[in-house]
Structures are given as structure tokens and as C-alpha cells.
Amino acid sequence: MSACITVDKDKRIYKIDTPNTSYVLGIFDDEGFPGHIYYGERIPDTDVAYLARCSEYAFMPSVNPRDRSSFMDRFAFEYPGNGVGDFREGAILVKDAKGHECTQLTFVSDRIYDGKPELKGLPQTFGYISSGKTKNDKYAHSLELELADPVTGLRVFVTYSVYDDSDAIVRSVRIINSSPADMILEKAMSFAMDMDSDDYELITLHGSWARERMIDRRPMGYGKTSVGSIRGESSHQEHPFMALVSKDADQDRGNAYGFSFVYSGNFLAQVEKSQFDSLRVMMGINPHNFEWRLGPGEEFPAPEVVSVYSHDGIGGMTRSFHDLFRNHLIRSPYLHRERPILINNWEATYFDFNTDKLIAIAKEAKARGIEMLVMDDGWFGKRDDDNSGLGDWTVNEKKLPGGLERLVSEVNKIGLKFGIWMEPEMVSPDSDLYRAHPEWAIAVPDRDPCRARNQYVLDLSDPEVEEYVWNAISSVLHSANIEYLKWDMNRQLTDLGSACLSDTTQGELSHRYMLAVYRLQERLVNEFPELLLENCSGGGARFDPGMLYYGPQIWCSDDTDAIERLKIQEGTAIVYPLCSMGAHVSDCPNHALGRITPFETRGHVALAGTFGYELDITGISERERDLIPEQVKDYHRFSGLVRDGDYYRLASYSENGMYDCWEVASKDGKEALITYVQVPAKVNAGSRRIFPKGLCDDKKYIIKQIFPDEKQVFPSEKDGENDMQPLAGETLMKTGILIKNQWGDYKSVLLQIIQA
Ligand code: DGJ
């Protein structure tokens, strides 16, 4: 079934259908309160307004104005206002010209149409299939509700968009000041929904530097529970995603509601469990340090939120997010292309490199099948450590005589592509740029701004600074044959002060900053359409759907240890497709935590992402170097499957403490790849049973052991030989596959399942 939006005009009920889900809302009472009715499995009927319980209480304001607050405080508002009787937190807070903050939004008009409106200046999902390259707006369907507060002159457009091939509903909000005076927007959530609590549990992703996106699942208590960022980036610490899942929800079963914010700056994701056991879910720009002055007639577009409901548990929710992001968010031409296998010199050399060193790495890399050299931090200005040089984007000729042009042409002659690192949003206090323009750094007058990694953040709300940054990026990229850019961002925003904003608009800085980053990246993808852009932020502090709109991949974490990556990549993949996760094989002992893991396991874990290397290939052992061509072969063999297939989480090391296992199955069910990692070795242990998924019930399959190749790891009658008879997909999925206990810690197994 495809998506559609229907309306029962008499009853004032709207039903928004995706192929497998329905979302129902209605307009209630004479006053026209927009209210939430149902979100769940797809239903055939539109009139389910009895679920709004209005008659149950007889507290409709038009019937019983005396007890208006009883209605306001329990009604399931679609976009709740503030200060007029609903004591749960509202989605919008506006101070009018007289200093009042009360808002009550009621229905004005609706519009249902094919296509999806553009959100100016913001990353967003779009209404055509990215792989198809044809822009077909009919693929998306939208409902726009116009709400207004006649007292303040506030108008709010809430838009719901759906796609024929996706179980996601995308929500966005535009706020317009139609009064004759200025208003101050103090809070503008993009998403609000009141639902029955039904004992849900909350899943969020928390972390730290080098420990991003750890899965946290907990019961929902009363009051407000929230995650958020006020760091000016989506952050290492918390993530613009949350899910409400039924207690019984696992990878295959149960109700899962997921919410993802298409934005890369400050965010708030909050659930409030009320006295009546309802849940108010909200998501949007964090109101902390946020203010936006809206002049008469001006409009504020809030970034969009994607919601997904799945009856098939967390796994179903995950696959809906993956498909939506692949088909309707990532625009890069690399989305369905094999990405070049790159080798990055960061962990190989840090700041200590020159042309000779890079050329030596490039030669060894080429000989082993690697396809691109990426030169990381330290190639410009005075930059021998992280204390200086940011902002001075001219080549350090002492390290690279002849400049980029010479280096790149030598690397190209060897037969490798060339990529480069930049951190365009920053300035070092010790830089020519800062000496010339100290006022370009974000700072509060008379307050020494906080340094982080000994650097400041450039004030991108200043158009002159934005232009400088653009010129820096574009002149570097035009100066040589550069085919990849790693855009890094290594510190958070503090000391929020802008020399270019007025006293009354300082609260706009963080959002204006984000809008400028988006403008710069938009210019980048337009001027360099074939450039492969990998976003990065001190590892994965800006791994979010906003950045995926511009670049197809994001560096996942500065922790490249294969075992830590199991957890980081599991948490990341709960929302994001594997093709977006930057993952590299690095050297051991691992630079982040000193662990030694087999080179093969490092390769298999990196295969679950974009795959590449981050080591000094001239310095590793001959044995390890010789393993690279085999890994390169595996990458070429499986990258299409990993990039475009369906992801299934079969076992979780973060849950069981023993082993990790995931699978990617092709959409047509013809092939699947299972990766299994045994973390601690266990003496005298039996084999483990793994249940593949995503196969066709009635097709026959054989299992091919890709790794290890010396002996069979799944038992069969004649052990040691790959003599297993073809089995039906249904049999394999129901009975499972046995994987033998491995000798040693951190051992990986790679199995391919193919139709016989
Ligand atoms: C942080 C990134 O995550 C690293 O990969 C590396 O590029 C450094 N910055 C360079 O300063």
C-alpha cells in the first residue's frame, strides 16, 4: 500500500497513512483545538475520534467553560501552546510586544497536497527517490494545518509529510508573526505529540568523546525526562534521537516509536509523563540560550523531525530510518556508489609528516589495493600541534614543498585519489587570522573566552566571516585535484557573543551559526558536486541527519578500537544506515585505549561502515600488510550489499557482554552477510546459535564461510568441509546457524548466505 492522506471534513478528522502505519488527528470543540487521536499500525477507518476521550470528561470548554483547565491539562494537543491551562510543557513560547507569554493555537485552515514543501535553509528529507534522480514530488504527500492565536497574532503552520515507500512521517513547523509589532520566539519545538503511556520504555543514545551513541534503555517515570545539547552541535554526549518502546519490544517484536531530529545544533528531546498517564513527546531546537526576534510578517522555519512507528520492534524501526535516510535524505552522488577505500594519515603520523612520508604511505597503499590518500590535520599555516594555525588555510611549504598541487599530482601519479582535511569553522588564537580579526571569534565582550583544544569558534553569524570561510574552502579545493574533504569541527560553542549581532539578537547566535554551516555546505555540494564529503566533529559529535543531507558519510568516532566500535556502531546503526558510518582499520595497540585485536577483526568491523585505513602502512608488520589485499577484496565483494541492504542486529555485545553479531541482507533476499565477533574467549564453551533474518522462506540457501578460511566454524556432518546441503530460508531463520567457540579473544567470523 502506498502512503496517502485523507480527511473527513464533517468530523474534522485527518488520517495520514504510510504503507504500514496510520496517524490520526482531529479538530475539536467550537474553538478548534487540534488534537492527537492515534498513531500505530495502519487502520482502514478514519473516524476513530472516540479515542480522544472528549465525551468521557464532558469538559469541552464550549460545554463547560467553568472547568476549562481540566480540558486543557489533559487534552492530547497536536501543537500545545503555553500558559492557558495546560500545565504540561508547551511546544512554543513567544513573548509578545507587551511582555506576555500566553499562547493558544487553534485551527484556521488545512491543505492536503502532493509533494513536500521546502524548508528554506535547512537540511530536510525530500519527496523523490534519490537513486532515481528524477524529481517526482508526487512521491510525497503533505497535510498542512494552519493554526493561529488571534490575541498575539501568531500563525503556525504544522506540516506532516509522508512518502509512498516509507513508514516515516516527517513533521515541520513554520511560525509567522502576523501582528504589527515584534515578537520574541523563546521556544519553537518542531514536534509535539501526546499519547497514551502504556508503560513505554525510553531508548536514547548517550556518550562522550570516543564513546559515542551508547544505547540507554530505561522505564518511563512521571515528570519530564529529556536529553539535549546546548553545545552548539548535536554532541558526543547526547543524541537528537529517542524511541519509546513497549516493554516487550526487542529486535523483532513490540511497538517502537522512533523520533529523529534533522538538525546538527542544540536540541531538546523530551517526554513528559502526566498525572493522567499520558506522554507528551517533544523535539526541537533547545530553548536554552535560544531567542529569535520575529518582526511583523516574518517567519521562522523550525527544522524537521522524523517519526517512525514499527510494530516489528526496534529492528523494524531501524530499517525504516535507514530506508528513509537513504532514499529521501542523503543527496550525494556517492550514496549508491562504491566509495574509494581511503587511507588517512591521522593515526599514522598525527602532525608529524611531510611529502616524503605521505608518498611512502601512498606507494605502499597503492600496492595493497587502497584507492585514496587522505591528508589529515597539520598541512597548513603554522600547525605542528593543535596549539596554532587554524584559520590560516595556506599550505605549509616546509612540510609540503611545491604545495598541494605538487603533492596531489604525485599521489595521482602513483594511482591514488587525494583527499584533504579542514576545520573551517575554527580559529587558533595563535594564527594570522586571529591576529588580524580577533572580533571574528565568538566571545562576550570583556570576558576571556573559554578555549577548547586551544581554539576559538568563528562567528559564522557574521556574513563577512562566512564569506572568508567559503573562500578558504573553495580556494583549497580548487588548487589541486582534491576528490574528498573531511570537514572537522573540534570544539563546542561557549561564550555566546557575536560582534555582529545586536543587543537584542544575541540569543540567535547558535541557530544562525548552524544556518551558516548549512549554507556553506550547500555551496560546497553545489560547486563541487563530485566531491566526497565526510563530516566529522572530534570523532562523532555531529553525527546527525542534518549533516547527512550534505555528505553521505560521517566519521563515527575517534575510537577506532574494533571492540569499542562494536558498541559505537551498534548505537549509531539504530538510526543511521551503515553506508553513512565512517569506519577504519587502525593500528594496535589501539591509540584510544591500548587494546590489541586481530587485524582481521578490525577489518570485519570496519566493513560494517565506509571502510578504510588509519595507520602507518609503512610501519605495520609484513603479515598485516599482506592481509590488506584480502580485506580490499572483501570490501569490493560486499560493499554494495552493506551499503544498500537491510540491516539486522542478531546479537549485541553491549547486552550480553560476550559476543556481537549483525547481518545485512539484500533487499531481494538473494544474499546476506553475517559478521560475528566473539569478544572474550570462553573455555570449554559450546557453539552459539545465531538466527539469520531477511531470507526468502521458500528459497534454498547455502552458507559460505568467508572467514576464517582454515576450518569450518559452523558444525556440519563432515566437519572441516563446506558440505552443508542447501536449506530453505525458512529453515535457516527458524533453526539458526551454529557458530563454534573460537580460540582466543576478539575473534571474528564472516559468513555469506547465498541462494543456491
Ligand atoms: C578529530 C578527528 O576526529 C580526527 O580524526 C582527526 O581528524 C583530528 N580531529 C585532527 O585534528
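Residues numbered from 1 in each chain as written. Predicted model: local features only at pLDDT ≥ 70, side-chain atom pairs only at ≥ 80, totals over all residues. Heavy atoms only, no water.

**Quick look at the nonpolar core**
Counting residues in each nonpolar core, the largest one holds 196 residues, and the members touching the most others are Ile175, Leu244, Trp379 and Tyr613. Per-element tally for this core: the top contributor is helix 9 (residues 509-527), with nine residues. Each of domain 1 (4-328) and domain 2 (650-755) accounts for three or more of the residues forming this core. Residues contacting Ile175, with those up to four places away along its chain left out, are Tyr79, Ile92, Leu154, Arg155, Val156, Leu185, Ala188, Leu294, Glu298, Glu299 and Phe300. With 21 residues, the next largest nonpolar core counts Tyr659, Leu695, Leu732 and Ile753 among its residues. (Core = buried A, V, L, I, M, F, W, Y, C linked by side-chain atoms within 4.5 Å. Buried < 20%, exposed > 50% of the residue type's maximum accessible area, 1.4 Å probe, protein only. Helix = DSSP H or I, 4+ residues; strand = E, 2+ residues; numbered from the N terminus. Domains from an automatic or database assignment. Contact = heavy atoms within 4.5 Å.)

**Side note on helix 12 (residues 599-606)**
Counting buried positions along helix 12 yields eight of eight residues, so the element is predominantly enclosed. Residues Phe599, Glu600, Thr601, Arg602, Gly603, His604, Val605 and Ala606 constitute the buried set of helix 12.

**A closer look at the sheet that holds strand 29 (residues 585-586)**
The parallel open sheet is built from nine strands, whose spatial order is 28-27-26-25-22-21-20-30-29. Two strands in the sheet have a free side with no partner beyond their single neighbour: strand 28 (581-582) and strand 29. The pairing of strand 27 (residues 553-555) with strand 28 spans two bridges and is classified as parallel. By the bridge assignment for strand 28, Trp555 is matched with Gly582. (Pairing = 2+ DSSP bridges.)

**With respect to the packing of helix 12 against helix 13 (residues 622-644)**
Put simply, helix 12 and helix 13 touch, their axes get as near as 10 Å, and they point 25° apart. Judged by the inter-axis angle, helix 12 sits roughly parallel to helix 13. Crossing handedness for the pair helix 12 and helix 13: right-handed. In this structure, helix 12 uses Phe599, Glu600, Arg602, Gly603 and His604 to contact helix 13, whose residues at the interface are Arg623, Glu624, Leu627, Ile628, Gln631 and Asp634. The residue makeup of the contact of helix 12 with helix 13, split by class, is three nonpolar, three polar and five charged. (Axes fitted to C-alpha atoms, helices over the stretch in contact; angles between N-to-C directions. Parallel < 35°, antiparallel > 145°, perpendicular 65-115°, else oblique. Left-handed = near helix turned anticlockwise from the far one by under 90°. Nonpolar A, V, L, I, M, F, W, Y, C, P; charged D, E, K, R; others polar.)

**Here's the deal with the packing of aromatic side chains**
One pass over the full model with this rule turns up 36 aromatic pairs. Judged by centre distance (6.0 Å) and plane angle (80°), the ring pair of Phe241 and Phe321 falls under edge-to-face. Of this pair, Phe241 sits in strand 14 (residues 238-245) while Phe321 is found in helix 3 (residues 313-328), placing the two residues 80 residues apart along the sequence. In this pair, the class of Phe241 matches that of Phe321, namely buried. Between Trp346 and Phe351, the aromatic rings sit 5.3 Å apart at their centres with planes inclined by 90°, giving edge-to-face as the arrangement. By relative accessible area, which is 16% here, Trp346 ends up buried. Taking the relative accessible area as the measure of exposure, Phe351 reaches 12% and is therefore buried. Among the aromatic residues, those joined into a ring-pair cluster are Tyr23, Tyr39, Tyr160, Tyr200, Tyr257 and Tyr309. The residue whose ring lies beneath Arg111 is Tyr113, and the NZ or CZ to ring-centre distance is 4.1 Å. Cation over ring: Arg331 sits above Tyr549, and NZ or CZ is 3.6 Å from the ring centre. (Phe/Tyr/Trp six-rings, centres within 6.5 Å; stacked < 30°, edge-to-face > 60°. Lys NZ or Arg CZ within 6 Å of the ring centre and 35° of its normal.)

**Some points on the site of the ligand**
For the ligand, the set of nearby residues contains 13 residues, the closest of which are Asp376, Asp377, Lys486, Asp488 and Asp558. Within the side chain of Asp377, an N or O atom sits 2.7 Å from an oxygen atom of the ligand. A per-class count over the shell around the ligand returns four nonpolar, three polar and six charged. (Near = heavy atom within 4 Å. Polar contact = N/O pair within 3.5 Å; in protein donor to acceptor, adjacent residues only side chain to side chain.)

**Focus on the sheet that holds strand 15 (residues 256-261)**
As summarised here, the arrangement of the nine strands in space is 6-7-8-9-19-15-14-11-12, forming an open sheet in which the pairing is antiparallel. With one partner strand each, in any of the chains shown, strand 6 (106-114) and strand 12 (214-219) form the two edges of the open sheet. Neighbour-to-neighbour, the strand axes of this sheet turn through a mean angle of 20°, independent of strand direction. The sheet contact formed by strand 8 (residues 154-163) and strand 9 (residues 168-177) spans nine bridges and is antiparallel. Bridging from a neighbouring strand, Arg155 pairs with Ile176 of strand 9.

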